[in-house]
Amino acid sequence: AVAEKVRRPVGIDAAQRPMLWQNTTGQPGCSWVGRPVGEGSTDKGYHVSEGKATPTMGAQDSPEAIYDARKLGKPKMAVFGLQHMFAMFGATILVPTLTGLSVSATLLFAGVGTLLFHFISKGKVPAFLGSSFAFIAGYAAIAPNGEADLLPYACLGVACAGLLYLVLSALFKVFGPTRVMRFFPPVVTGPIVISIGLILASSAITNASTNWPIALVAIAIIVIANIWGKGMIKIIPILLGVVGSYVVASAAGVVDFTGVAEAAWIGMPFTWNDTVFSIFGAQFDAGLAITAIITIMPLAFATMIEHIGDVSAISSTCNRNYIAEPGLHRTLLGDGLATILASLFGAPANTTYGENTGVLALTKVFDPRVIRLAALFAIAFSFCPKFAAVIAAMPACVIGGVSLVLYGMISAVGIRNLVENHVDFMKSRNVLITALILVLSLGIAYSTAGAIVVPVGEITISLSGLAVGSIVGIVLNMILPGHEDVAGASDAEDEEMDGPLPLEGNLEELSTQNG
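Residue positions are given per chain, counting from 1 as you read along its sequence in written order. Under the rules for a predicted model, residues below a pLDDT of 70 receive no local features and side-chain atom pairs below 80 are neither given nor counted, while totals for whole chains, interfaces and linings still include all residues. Calculated side-chain values reflect all of the structure's heavy atoms, with hydrogen atoms and water omitted.

### Concerning the overall build of the protein chain
Alright, step 1. A helix here means a DSSP run of H or I that spans at least four residues, while a strand means a run of E at least two residues long, and both kinds are numbered starting from the N terminus. Within the protein chain one finds 19 helices and nine strands.
Alright, step 2. Burial status across the protein chain gives 52% buried among its 515 residues.
Alright, step 3. Note on definitions: a residue-residue contact is assigned when non-hydrogen atoms from the two residues lie within 4.5 Å. Residue pairs at least 24 apart in sequence account for 78% of intrachain contacts in the protein chain once pairs closer than 6 positions are excluded. Only protein chains enter the accessibility calculation, which uses a 1.4 Å probe; a residue is then buried when its area is under 20% of its type maximum, exposed when over 50%, and partly exposed in between.

If you want it as structure tokens, here you go:
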């Protein structure tokens with residue numbers, strides 16, 4: 001049989017089908033052979049437990065790995081759950097602080113979104129969904145100062161961006177990853193991600209400039225914790241930077257805690273006016289709604305690529321092939337539905353969090369039940385307005401210092417995407433595509449108008465620099481000669497690329513059996 005022709009279900013009953021199928025040469029298009037696998041073993045790409053075979057990454061499970069945390073006892077499971085919540089906490093709450101969205105709603109729908117993701121992915125992937133920084137530029141374009149009456153329009157755009165996840169999920173299910181990803185090669189997605197970070201950089205400088213000494217404290221804490229920290233300290237540098245610089249700012253007398261004293265201990269995480277549903281009435285602005293949708297939807301291209309990379313990294317960390325089972329179509333669907341739900345109720349878009357992958361690697365506790373506990377803790381905190389008021393009182397200099405690192409990291413991820421996928425800049429087409437994406441995205445964003453205004457009848461549509469850059473990059477990549485589909489493969493090689501998609505995380509060759 002040829003690899004791309006094989007259709008074998010994953011998670012099969014080992015008693016009924018003892019011969020498990022494994023690619024033996026590591027090359028697309030090669031022959032596959034059956035291998036018997038015993039109960040409780042990890043052999044030839046599958047782990048068998050309780051009569052079910054689960055695809056692995058090809059390595060032996062670590063003797064320290066824990067895939068069922070129930071044997072540790074409920075108290076330890078709770079501690080591990082809290083650890084995961086605090087790992088995502090700093091970055092997750094920073095997004096609403098930067099955009100003007102509700103902190104409480106953010107925590108609520110981070111928890112609810114994570115539980116929804118686990119339901120869609122059959123409870124198999126130990127991923128936590130937190131706030132996505134990739135959409136901050138979209139919120140800033142529609143509601144630059146966090147205006148309460150404009151944020152629901154931005155959330156409408158994010159909800160529509162979430163629909164793209166559903167489309168890509170369906171395409172992965174029908175066509176497989178290789179044919180879909182040809183529209184989003186690294187030469188396109190890398191510069192888009194770079195542009196996102198650079199567009200946001202000016203806001204970080206503006207906030208940090210309100211008090212540079214405190215902003216530098218935040219930066220210093222993050223750098224020290226990330227480079228020289230050990231254990232848990234190393235994987236929560238953002239949280240430490242926020243807390244440490246917040247304490248210094250409080251001691252310096254630059255924090256106003258009046259709102260904290262007035263806030264209730266218990267309350268609803270969001271109000272009707274925070275939701276997308278509130279804008280549909282007599283005052284509905286169709287032009288602004290269309291502008292928000294067109295401006296924000298292209299941002300989903302970057303987050304969907306980020307999602308694929310995150311799932312790949314989690315697979316490698318846990319030695320479980322989550323791209324094959326439950327499959328990218330399920331994880332994308334879960335992420336997309338979580339983003340749509342969150343944005344409809346005034347919370348930021350959700351995305352799989354790399355911080356929690358770090359916790360998995362540190363603790364070697366790979367049980368998704370622990371992640372679901374973290375989600376429940378996040379939901380519980382969301383009903384405490386006092387807690388949200390503490391976050392809202394955070395001074396701009398603290399936000400600016402932390403943002404300088406975070407936004408730089410976003411751009412660095414884009415650069416890493418280009419480097420790891422060996423994008424060849426000796427080719428003129430790649431140079432032109434990258435150049436136009438960067439120049440259009442940044443040039444339009446920092447122009448006097450800040451966007452390209454297109455009048456359509458009585459409606460005015462504004463295209464952000466990132467939207468224009470993304471569209472131009474995708475179109476140029478498809479029409480210019482030497483089209484690269486995935487990881488540098490040209491059209492001439494396309495017929496040989498019907499095997500698995502090369503992804504981050506040193507994945508083994510994957511069959512198209514992800515049903």
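Picking up after the structure, the text goes on.
### Description of the pattern of salt bridges
Side-chain pairs of opposite charge can arise whenever the charged atoms involved come near each other.
Alright, step 1. Salt bridge criterion: a side-chain nitrogen from Lys or Arg within 4 Å of a carboxyl oxygen from Asp or Glu. By the definition in use, this model includes five salt bridges.
Alright, step 2. Each of the salt bridges in this network shares a partner with another, and the network as a whole consists of Asp-68, Arg-70, Asp-367 and Arg-369.

### Digging into the environment of Pro-185
Alright, step 1. Assignment of secondary structure puts Pro-185 in the loop between helix 5 (177-181) and helix 6 (186-208).
Alright, step 2. Considered as a pair, Pro-185 and Asn-417 are 232 residues apart in the sequence and their alpha carbons are 9.8 Å apart.

### Here's the deal with the environment of Gly-443
Alright, step 1. Structurally, Gly-443 is set in helix 18 (residues 428-445).
Alright, step 2. Assessed through its relative accessible area of 41%, Gly-443 is described here as partly exposed.

### Re unusual backbone geometry
Most of the time, phi is negative for any residue but glycine, and the peptide bond is trans.
Alright, step 1. The phi torsion at Lys-122 lies on the positive side, around 60°, for a residue other than glycine.
Alright, step 2. On the secondary structure map, Lys-122 appears in the loop between helix 2 (103-120) and strand 6 (129-131).
Alright, step 3. By relative accessible area, Lys-122 is classed as partly exposed at 41%.

### A short note on the packing of helix 9 (residues 237-251) against helix 17 (residues 396-420)
Alright, step 1. All axes here are fitted lines through C-alpha atoms, helices being fitted over the stretch that makes contact, and every angle between N-to-C directions spans 0 to 180 degrees. Interaxial distance between helix 9 and helix 17 falls to 9 Å at its minimum, and their mutual angle equals 155°. On the basis of the axis angle, helix 9 is roughly antiparallel to helix 17. Classified by chirality, the crossing of helix 17 by helix 9 is right-handed. Along the contact surface, helix 9 presents Ile-238, Gly-241, Val-242, Ser-245, Tyr-246 and Ala-249, while helix 17 presents Val-398, Val-402 and Leu-406.
Alright, step 2. Counted by class, the contact of helix 9 with helix 17 contains seven nonpolar, two polar and no charged residues. Each angle gets one of four labels, with under 35 degrees taken as roughly parallel, over 145 as roughly antiparallel, 65 to 115 as roughly perpendicular, and the rest as oblique. A crossing counts as left-handed when the near helix is turned anticlockwise from the far one by less than a right angle, and as right-handed when that turn is clockwise. Residue polarity follows a fixed list, in which Ala, Val, Leu, Ile, Met, Phe, Trp, Tyr, Cys and Pro are nonpolar, Asp, Glu, Lys and Arg are charged, and the others, Gly among them, are polar.

### Description of a nonpolar patch on the surface
Alright, step 1. Together, Phe-183, Ile-471, Val-475, Met-478 and Ile-479 make up an exposed nonpolar region whose accessible area comes to about 440 Å².
Alright, step 2. The residue Val-475 is located in helix 19 (residues 465-479) in this model. Each patch is assembled from residues with relative accessible area greater than 30% and no salt bridge, linking like charges that lie within 9 Å and nonpolar side chains (Val, Leu, Ile, Met, Phe, Trp, Tyr) that lie within 5 Å. Here the Shrake-Rupley method, with its probe set to 1.4 Å, supplies the accessible areas, and only the displayed protein chains count as covering residues.

### Quick word on the side chain of Thr-331
Alright, step 1. The residue Thr-331 is located in helix 13 (residues 323-344) in this model.
Alright, step 2. When sequence neighbours within four positions are dropped, the list of residues in contact with Thr-331 reads Phe-117, Val-125, His-307, Val-311 and Pro-326.

### Quick notes on helix 6
Alright, step 1. Each helix should span, by expectation, one fewer than its residue count multiplied by 1.5 Å. For helix 6, spanning 23 residues, the distance from its first C-alpha to its last is 32 Å, which sits close to the expected 33 Å at 1.5 Å a residue.
Alright, step 2. Throughout, bend refers to the angle between the axes fitted to the seven residues that end at a position and the seven residues that start at it. The axis of helix 6 is deflected most strongly, by about 30°, at Ala-201.

### Here's the deal with helix 13
Residues separated by three or four positions in an α-helix point in the same direction, a consequence of the helix having 3.6 residues per turn.
Alright, step 1. Its axis deflected by about 45° at Arg-330, helix 13 carries its strongest bend there.
Alright, step 2. Counted residue by residue, helix 13 has 17 buried out of 22 residues, so it is predominantly covered.
Alright, step 3. A positive phi of about 85° marks Gly-346, the residue just after helix 13.

### A look at the confidence of the model for the protein chain
Alright, step 1. The share of residues in the protein chain with pLDDT of 70 or more is 79%, and the mean pLDDT across the chain is 79.
Alright, step 2. Known as pLDDT, the predictor's confidence for each residue is given on a scale from 0 to 100. Confidence over residues 1-39 falls short of pLDDT 50; this stretch has 79 contacts with residues more than four positions distant or in other chains.
Alright, step 3. Throughout residues 486-515 the model reports pLDDT below 50, and contacts reaching past four residues in sequence, or to other chains, amount to 69 contacts.

### Describing the packing of helix 12 (residues 299-318) against helix 13
Alright, step 1. Contact geometry for helix 12 and helix 13: axes closest at 11 Å, N-to-C directions at 145°. Our pair here, helix 12 against helix 13, has a crossing hand that is right-handed. Contacts from Met-304, His-307, Ile-308, Val-311, Ser-312 and Ser-315 of helix 12 reach helix 13 at Ile-323, Leu-328, Thr-331, Leu-332 and Asp-335.
Alright, step 2. Among the residues making up the contact of helix 12 with helix 13, the classes are represented as six nonpolar, four polar and one charged.

### Quick word on the packing of aromatic side chains
Alright, step 1. Pairing of aromatic rings covers Phe, Tyr and the six-membered ring of Trp, with a centre-to-centre limit of 6.5 Å; geometry is then stacked below 30 degrees between planes, edge-to-face above 60, and tilted otherwise. Taken as a whole and assessed by the stated rule, the structure comprises 10 aromatic pairs.
Alright, step 2. Considering the side-chain rings of Phe-109 and Phe-345, the 5.4 Å spacing of their centres and the 15° angle between planes classify their relative orientation as stacked. You can see Phe-109 sitting in helix 2 and its partner Phe-345 sitting in the loop between helix 13 and strand 7 (350-352), a full 236 residues away along the chain.
Alright, step 3. A cation over an aromatic ring shows up here: Arg-320 above the ring of Tyr-67, its NZ or CZ 4.1 Å from the ring centre. The criterion for a charge sitting over a ring is simple: Lys NZ or Arg CZ within 6 Å of the ring centre, and within 35 degrees of the ring normal.

### Observations regarding the environment of Val-431
Alright, step 1. When you line up the elements, Val-431 lands in helix 18.
Alright, step 2. Relative accessible area serves as the criterion here: at 37%, Val-431 is assigned to the partly exposed category.

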